[in-house]
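Listed below are the residues making up each chain.
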Amino acid sequence: MAPRAAFPLRWRNEKLRTLTAEVAARLGISQNELIEQAIEHEVVARGGMLSEDLRAAADRLAELTQEQHERIQARGLARFVAGEGLPEPLQTGPMQPAATVDRVAADRSHPAPDVTTIYRSARTGLA
């Protein structure tokens, strides 16, 4: 069997550490397994809530009148124009010399996956 990825837990609440150990022992599973199950349940529950929130927002938007759409668009345009006069949130800085950039790029055997790829692979693993 391939070794599993591990990371240390830094408990801020000693009572939670004790309760986790006690519940895991009573269920006859490891603390890691209990924590993984709890995280999976929480992620699924919160994902469902986010999905419902998005659906409700889409329903509210679908019910807007043409006048309400126009007011929202006008307000957004006014905020955009006002924001154009503000300083840039990201300021430019000196670039790394090309040799350093090339060396860093050469050290990577393959590019890091993007967030979407990571999310999809995690969802596949939970199915």
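Numbers given for residues are sequential positions, taken from 1 along each chain in its written order. Given that this is a predicted model, residues contribute local features only at a pLDDT of at least 70 and side-chain atom pairs are listed and counted only at 80 or more, while totals for whole chains, interfaces and linings are drawn from all residues. Only hydrogens and water are set aside when side-chain values are computed; all heavy atoms of the structure are taken into account.

**Q** I'm lost on the overall build of the protein chain in this one. Help?
**A** Secondary structure summary: the protein chain contains five helices and zero strands in total. A helix here means a DSSP run of H or I that spans at least four residues, while a strand means a run of E at least two residues long, and both kinds are numbered starting from the N terminus. Counted from the first residue to the last, the protein chain has its helices and strands arranged as α-α-α-α-α. Buried means the residue's accessible area, taken with a 1.4 Å probe over protein chains only, is under 20% of the maximum for its type, while exposed means over 50%, and partly exposed covers the values in between. By the burial criterion, 3% of the 127 residues in the protein chain qualify as buried. Surface exposure here means Shrake-Rupley accessible area, sampled with a 1.4 Å probe, where a residue is shielded only by the protein chains that are shown. Here the protein chain displays about 12,000 Å² of accessible surface, and carbon together with sulfur accounts for 59% of that area.

**Q** Can you walk me through the packing of helix α1 (residues 14-27) against helix α2 (residues 31-62) in this structure?
**A** Think of two packed helices as two axes; the pair is described by the angle between the axes and how far apart they sit. Helix axes use the C-alpha atoms of the stretch in contact, all axes being lines fitted to C-alpha atoms, and the angles between their N-to-C directions lie in the range 0 to 180 degrees. Close contact between α1 and α2 brings their axes to 9 Å; oriented N to C, the two are set at 100 degrees. In terms of axis orientation, α1 runs roughly perpendicular to α2. Contact residues: α1 offers T20, A21, V23, A24 and L27, while α2 offers Q31, L34 and I35. Note on residue categories: nonpolar means Ala, Val, Leu, Ile, Met, Phe, Trp, Tyr, Cys or Pro, charged means Asp, Glu, Lys or Arg, and polar means any other residue, Gly included. Its residues assigned to classes, the contact of α1 with α2 comprises six nonpolar, two polar and no charged. When describing relative orientation, an angle under 35 degrees is termed roughly parallel and one over 145 degrees roughly antiparallel, while 65 to 115 degrees is termed roughly perpendicular and anything else oblique. Contact definition: two residues touch when any of their heavy atoms are within 4.5 Å.

**Q** Quick question: what am I supposed to make of α1 here?
**A** Count 3.6 residues to each turn of an α-helix, and residues three or four apart come out pointing the same way. Expected span of a helix: the number of residues minus one, times 1.5 Å. When the terminal C-alpha atoms of α1 are compared, their 20 Å separation across 14 residues agrees well with the 20 Å that a helix rising 1.5 Å per residue should span. As used in this structure description, the phrase polar contact means that two N or O atoms lie within 3.5 Å; if the pair is within protein, one of them must be able to donate a hydrogen and the other to accept it, and residues adjacent in sequence are counted only when both atoms belong to side chains. One side-chain oxygen of the residue at the start of α1 lies 2.9 Å from the amide nitrogen of K15, identifying that residue as N13.

**Q** I keep staring at the pattern of salt bridges and nothing clicks. Help me out?
**A** Oppositely charged side chains may form a pair once their charged atoms are brought near each other. Any carboxyl oxygen of Asp or Glu that lies within 4 Å of a side-chain nitrogen of Lys or Arg is treated as forming a salt bridge with it. Following the criterion strictly, the structure yields five salt bridges and no others. Where R17 meets E14, a salt bridge forms, and the shortest distance between an N and an O atom there is 3.6 Å. Of this pair, R17 and E14 both sit in helix α1, three residues apart, which is roughly one turn of that helix. By relative accessible area, which is 33% here, R17 ends up partly exposed. On the basis of relative accessible area, E14 is assigned to the exposed category, the value being 52%.

Such coordinate-based values are descriptive only and should not be taken to indicate function.
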